[in-house]
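Spelled out, the chains give:
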Amino acid sequence: MKKIVVIPLDERPCNYNFNQLLVEGTDYKVVVPPLEIMGNKKQVGKVDEIWNFMEKEIVDADSVIISTDTLLYSGIIPSRLHYYNEEELINKLNRLDNLKKINPRLKVYGFSLIMRNPSYSSNEEEPDYYEDWGREIHRSGYIGHKKELGIATDSELKELESINQRLPKEYLNDYLNRRMINLSVNKRVIELVKEKVFDFAIIPQDDSSPYGLTAKDQKIIRQYIDDLEVGLNVYMYPGADEVTNTLLARIINVNNSKRPLVYIKYTSFGSKSVIPLYEDRPLHETVKYQIMATNALIASSVQEADIILIINAPALKMIEAGNAENRGIDYDVFRNLIEVVEFADYAIKELKKPVVIGDVAYANGGDLQLVKLLKQKGLLFKLAGYAGWNTSSNSLGTCIPQGLIYLQYGVRKEHYDFLGLRYTEDLGYCSYVRSLVTNKYLPTMNLTYRQVDGARNKVAEIVKKELNNFIDENLQDDKYQIIIEDCYLPWIRMFEVGLSVKVVRK
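Residues numbered from 1 in each chain as written. Predicted model: local features only at pLDDT ≥ 70, side-chain atom pairs only at ≥ 80, totals over all residues. Heavy atoms only, no water.

Caption draft 1: Region of interest: the overall build of the protein. Scanning the protein from N- to C-terminus turns up 18 helices and 15 strands. A compact globule built from 506 residues should have a C-alpha radius of gyration of about 23 Å, and the protein, at 22 Å, falls within 12% of that. The contacts in the protein between residues at least 6 apart in sequence include a share of 76% that link residues at least 24 apart. Of the roughly 20,200 Å² that the protein leaves accessible, carbon and sulfur atoms contribute 49%. The distance from the centre of the 64 positive side-chain charges to the centre of the 70 negative ones in the protein is 3 Å. (Helix = DSSP H or I, 4+ residues; strand = E, 2+ residues; numbered from the N terminus. Rg over C-alpha atoms; globule rule 2.2 N^0.38 Å. Contact = heavy atoms within 4.5 Å. Areas by Shrake-Rupley, 256 points an atom, 1.4 Å probe, with all protein chains shown as cover. Lys, Arg positive; Asp, Glu negative; His and termini not counted. Charge placed at Lys NZ, Arg CZ, Asp CG, Glu CD.)

Now the structure itself:
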């Protein structure tokens, strides 16, 4: 049994649990820090204890996957709120040089986020002043970037002038200073790849867009990667919460000397060119990175492929899953769900090739039209992977690793369990139950989307009840039954859900 130590991005299930679930039933074991030393949303965890845990556990480990945001700040949210100076953080980061001294055989994989710049005003995951000035801080960076490029419109320049007059300088300076410090950390991570402290690293862009502060940071990082000539060992693309899964698949492929060939099939001719919500580039360009980051390559034909990736995406413009009822002709006319479902059935039954579905038709939830067709065709539990949660990259970085692990280890009970979890969470919760509970139940309980009654209280009970109803109506299979063993709301809000799911044969 090979051991992989994981320092996750935070304590939410997508970061803390998914990587463990993906390798269950294989000859790998994932070890993570105890939850009690991790943070809790804005509450900072015990960073020194996390370092001590890592240095102890790597002694007999094959590999380690490191979120530098956790080792430095305690997680994704604290990385946006801290008051460390650059010297403190760089000195702490340099401690990573000891890892291969502790275990010379250790392979070290890491990722360091480019700090996001949300377009809306909310302090739920940002500094307190972002509640009142978040949109203005975003627009200041967005328009300022376009102004530098000479493409800002007259109305945008007037808006920028107005923002500059109103936006408190102390808030903007605090925000920009933290971004500058975090950018220095990103650059040091790249240097550590050059120095072979990291064997491979990813610089993910959390909630990115083509223009703005994140895009400007991206340009600086790209140039730094080029200057240090480490482009083959440092990838940069949209993503965040899925990166550990991707690096996990890379470790397994590299250790087994595998470079799987992945054939890609889209639901629409135009899908490749769609820029997903919260991302900064055409979908297909990110798909390439998501595949290569696992040590796989893109196949030019079905015949040569080891595995097939079907990508369900819109033809023109992505919308939120919560607005699926208002979808336009780019969903209903310009793409063909039936064709890809028939192809998936053919590929599995006739070509005997594993099929993965990246369900990125919508942001923040799976496609209920697609799951109906998969159910009709009897394919729900014949897939090698499925995901349709949060951003496009979150989904792709979950289903691709699942499929590649399936490619090597085949059908396992744990594989069915993870499929069941994805259907229950991505389709049941994200695309249906979340909005149902928010609109139907919370108002009568004097609760809100951002603040419910605790992790495991009445709202969690309602969520579980409605998810079971969804399973009965939409995910019933002749051979398999999805059972929810646990349901909770980890950050005491409606955005994410924590689930423990098992699939049993009838």
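Still to come is the rest of the account.
Caption draft 2: Here's a closer look at the nonpolar core. By size, the foremost hydrophobic cluster in this structure holds 145 residues, and its most contacted members are Met-54, Leu-96, Ile-311 and Val-463. Here this core takes eleven residues from helix α17 (residues 413-441), the largest share from any one element. Each residue touching Leu-96, except ones within four places of it in the same chain, is listed here: Trp-51, Met-54, Ile-66, Leu-71, Leu-192, Val-197 and Phe-198. Counting nine residues, the second largest nonpolar core, distinct from the first, contains Ile-163, Leu-167, Leu-172 and Leu-213. (Core = buried A, V, L, I, M, F, W, Y, C linked by side-chain atoms within 4.5 Å. Buried < 20%, exposed > 50% of the residue type's maximum accessible area, 1.4 Å probe, protein only.)

Caption draft 3: Quick peek at the layout of surface pockets. By volume, the largest pocket amounts to about 910 Å³. In terms of lining, the largest pocket is formed by 44 residues, of which the most central are Arg-116, Tyr-120, Asp-207, Tyr-278 and Phe-495. Of all the elements in the fold, those that place two or more residues in the lining of the largest pocket are α16 (392-409) and α17. Top element by residues in the lining of the largest pocket is α17. It accounts for four residues. Residue composition of the lining of the largest pocket, grouped by class: 15 nonpolar, 16 polar and 13 charged. Approximately 340 Å³ is the volume attributed to the second largest pocket. Of all the elements in the fold, those that place two or more residues in the lining of the second largest pocket are α15 (368-377), α17 and α18 (458-474). By residue class, the composition of the lining of the second largest pocket is six nonpolar, seven polar and four charged. (1 Å grid on protein atoms, 1.4 Å probe; cavity = no way out; pocket = protein on both sides within 12 Å on 5 of 7 lines; lining within 4 Å. Points joined across faces, edges and corners; volume = space filled by probe spheres on them. Nonpolar A, V, L, I, M, F, W, Y, C, P; charged D, E, K, R; others polar.)

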